[in-house]
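Next come the chains, spelled out residue by residue.
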Amino acid sequence: MDSDGFTVDVRRLRVLEQVRAHGTIVATATALHLTPSAVSQQLSALARELGVPLVVKQGRTIRLTSQAEVLLEHAAAIGAQLERIRADLAEHAAGRSGTVRIGTFATAIGQLVGPALRELRQATPGLRVLVRESEPPTSMERLYAGDLDIVITTEYLGGPTRTDRRYHRVDLLVDPLDVVLPEDSPLAGAPEPLKLADLADEPWISGGSGTACGQITLSACAAAGFTPDVRHFTHQWSATLGLVAAGEGVELVPRMAIGRLPDGAVRRRLESPPARRIYAATRAGAQAVPHIRTVLDTLVEIAATIS
């Protein structure tokens, strides 16, 4: 037997199984709706593939060799595995199995992706979703390179346009930004909504112009007629809120990121608040892949519950 070129045609295994069941070439041919000559050819070809004898004549019947019996023991396992493959492919075609890699920013993991994973685990337990924290533009670069299947991101300076044909886009939600102030600020008790221009003389905390929310904040302040006096820079919302609670300044924070405020900080809503627009993106065409479609649909469903 040539182990380097070892192959087995599973259709011929079925012929061998029928020979064992019926005992003659003619009866096997009748059961399989083949000619006796075709049955003999299939058996001969299988024996050549394996390099072992499979049947011997015994009067008007034939019997299987010991090698054939060993082979048929494995044939049952092969048949069962093929059925499992068939079932798994059907699950995959229905979007109920497969692996989907999501890249997104931390806030979306907690508020959007986490609830979606909980829903998917209950509805499609065969679907595997892997989450990678990734900020733009790196997340979009990884999507284009094929390292990620779905990116959840926001509009940002230099990001892909809606007409970029490399990507398919699904709008998820609009996340307004509220102002968070120290509790001893004169504006902390002012009636809502505040005007952004009222904060022109306050010290500010910022994530920097390289972040999506930093870009939104700078644009909103410019539209309100001032440039914020930024005293501190941090990329973590928890750190931002800690600095606000310490009385170090004010900042615009997305509602999804605020959560429970630390003692010493208060949130006030703004008149015509700026907002970050959150969307999911796939490579163009990938949105039609069933298991990716399943995850996208669930993200849309969860996003609709976030206010």
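Attention in this report is confined to the structure presented alongside it. Because the structure is predicted, anything quoted here is derived from the model rather than measured. (Residues numbered from 1 in each chain as written. Predicted model: local features only at pLDDT ≥ 70, side-chain atom pairs only at ≥ 80, totals over all residues. Heavy atoms only, no water.)

### Considering the packing of aromatic side chains
On inspection of all chains with the given rule, the structure shows two aromatic pairs. Ring centres of Y144 and Y167 lie 6.3 Å apart, and the angle between their planes is 65°; this geometry places the pair in the edge-to-face category. Residue Y144 is located in helix α6 (residues 138-145), and its partner Y167 is located in strand β6 (residues 167-182); the two are separated by 23 residues in the primary sequence. The interplanar angle of 45° and the centroid separation of 6.2 Å between the aromatic rings of W204 and F226 together place this pair among those described as tilted. Linking W204 in strand β7 (residues 203-206) with F226 in the loop between α7 (212-223) and β8 (229-233), this pair joins segments that are 22 residues apart in sequence. You'll find W204 and F226 in the same group, each marked buried. Note that R166 overlies the ring of Y144, its terminal NZ or CZ placed 5.1 Å from the centroid. Residue placement shows R169 over the ring face of Y279; its charged tip is 3.7 Å from the ring centre. (Phe/Tyr/Trp six-rings, centres within 6.5 Å; stacked < 30°, edge-to-face > 60°. Helix = DSSP H or I, 4+ residues; strand = E, 2+ residues; numbered from the N terminus. Buried < 20%, exposed > 50% of the residue type's maximum accessible area, 1.4 Å probe, protein only. Lys NZ or Arg CZ within 6 Å of the ring centre and 35° of its normal.)

### Looking at the pairing of strand β5 (residues 150-154)
If a strand is regular, its side chains alternate between the two faces of the sheet. The element β5 is largely enclosed, with a buried count of five among its five residues. What you see with β5 is no split at all: I150, I152 and T154 on one side and V151 and T153 on the other are buried throughout. Bridge count for strand β3 (residues 98-104) against β5 is three bridges, and the pairing is parallel. By the bridge assignment, G103 is partnered in β5 with V151. (Pairing = 2+ DSSP bridges.)

### Re the environment of P137
Its place among the elements puts P137 in the loop between β4 (127-133) and α6. The spacing of P137 and G59 is 78 residues in sequence and 78 Å in space, taken between C-alpha atoms.

### What to know about unusual backbone geometry
Backbone torsion omega between P136 and P137 reads 0°, so that peptide bond is classified as cis. The amide bond that connects E192 to the next residue, P193, takes the cis arrangement and shows omega of 0°. Inspection of the secondary structure assignment puts P193 in the loop between β6 and β7. In the Ramachandran plot, H33 falls in the positive-phi region, its phi being about 60° despite a non-glycine side chain. Taking the relative accessible area as the measure of exposure, H33 reaches 74% and is therefore exposed. For S272, which is not glycine, the phi dihedral falls at a positive 45°. By relative accessible area, which is 67% here, S272 ends up exposed.

### Considerations on a nonpolar patch on the surface
Taken together, the side chains of V10, I78, L82, I85 and L89 present a nonpolar region at the surface, about 390 Å² in accessible area. Of the residues forming the nonpolar patch, the biggest block, four residues, is contributed by helix α4 (residues 66-93). With respect to the helices, strands and loops of the structure, I85 is situated in helix α4. For I85, a relative accessible area of 39% puts it in the partly exposed group. (Patch = residues over 30% accessible without salt bridge, like charges linked within 9 Å, V, L, I, M, F, W, Y side chains within 5 Å. Areas by Shrake-Rupley, 256 points an atom, 1.4 Å probe, with all protein chains shown as cover. Salt bridge = Lys/Arg side-chain N within 4 Å of Asp/Glu carboxyl O.)

### Details of the nonpolar core
In terms of nonpolar packing, the biggest core is built from 25 residues, with I102, I150, I152, L172, V295 and L299 touching the most fellow members. Mapped onto this core, the elements with two or more residues apiece are β3, α5 (106-123), β4, β5, β6, β11 (275-283) and α10 (290-303). Looking at this core element by element, the count peaks at six residues for α10. Not counting chain neighbours up to four residues away, the residues in contact with I102 comprise V113, V129, L130, V131, R132, L148, I150, I152 and V295. In terms of nonpolar packing, the next biggest core, distinct from the first, is built from 18 residues, L43, L54, A68 and A75 among them. (Core = buried A, V, L, I, M, F, W, Y, C linked by side-chain atoms within 4.5 Å. Contact = heavy atoms within 4.5 Å.)

### Here's the deal with α5
An α-helix turns once per 3.6 residues; consequently, residues spaced three or four apart project the same way. Taking 1.5 Å per residue as the helical rise, α5 with its 18 residues ought to reach 26 Å, and the 24 Å between its terminal C-alpha atoms agrees with that figure. Taken as a whole, α5 carries its principal kink of about 40° at V113; the proline P115 stands between one and four residues after it. Considered for burial, the residues of α5 that qualify are T107, A108, L112, V113, P115, A116 and L120. (Expected span 1.5 Å × (residues − 1). Bend = angle between axes of the 7 residues up to and from the residue.)

### Remarks on the pairing of strand β2 (residues 61-64)
Across the two faces of β2 the burial differs, with I62 and L64 buried and T61 and R63 not buried at all. Note that strand β1 (residues 55-58) and β2 share four bridges and pair antiparallel. Across the sheet, the residue bridging to Q58 is T61, located in β2. Counting the residues that bridge the hairpin from β1 to β2 gives two residues, and of these G59 lies at a positive phi of roughly 65°.

### Notes on the packing of helix α2 (residues 25-32) against helix α3 (residues 36-50)
Taken N-terminus to C-terminus, the directions of α2 and α3 make an angle of 100°; their axes are 8 Å apart at the nearest point. By the criterion of interaxial angle, the relationship of α2 to α3 is roughly perpendicular. Judged by residue contacts, I25, V26, T28 and A29 of α2 engage P36, V39, S40 and L43 from α3. (Axes fitted to C-alpha atoms, helices over the stretch in contact; angles between N-to-C directions. Parallel < 35°, antiparallel > 145°, perpendicular 65-115°, else oblique.)

Any functional reading would require information that these geometric values do not contain.
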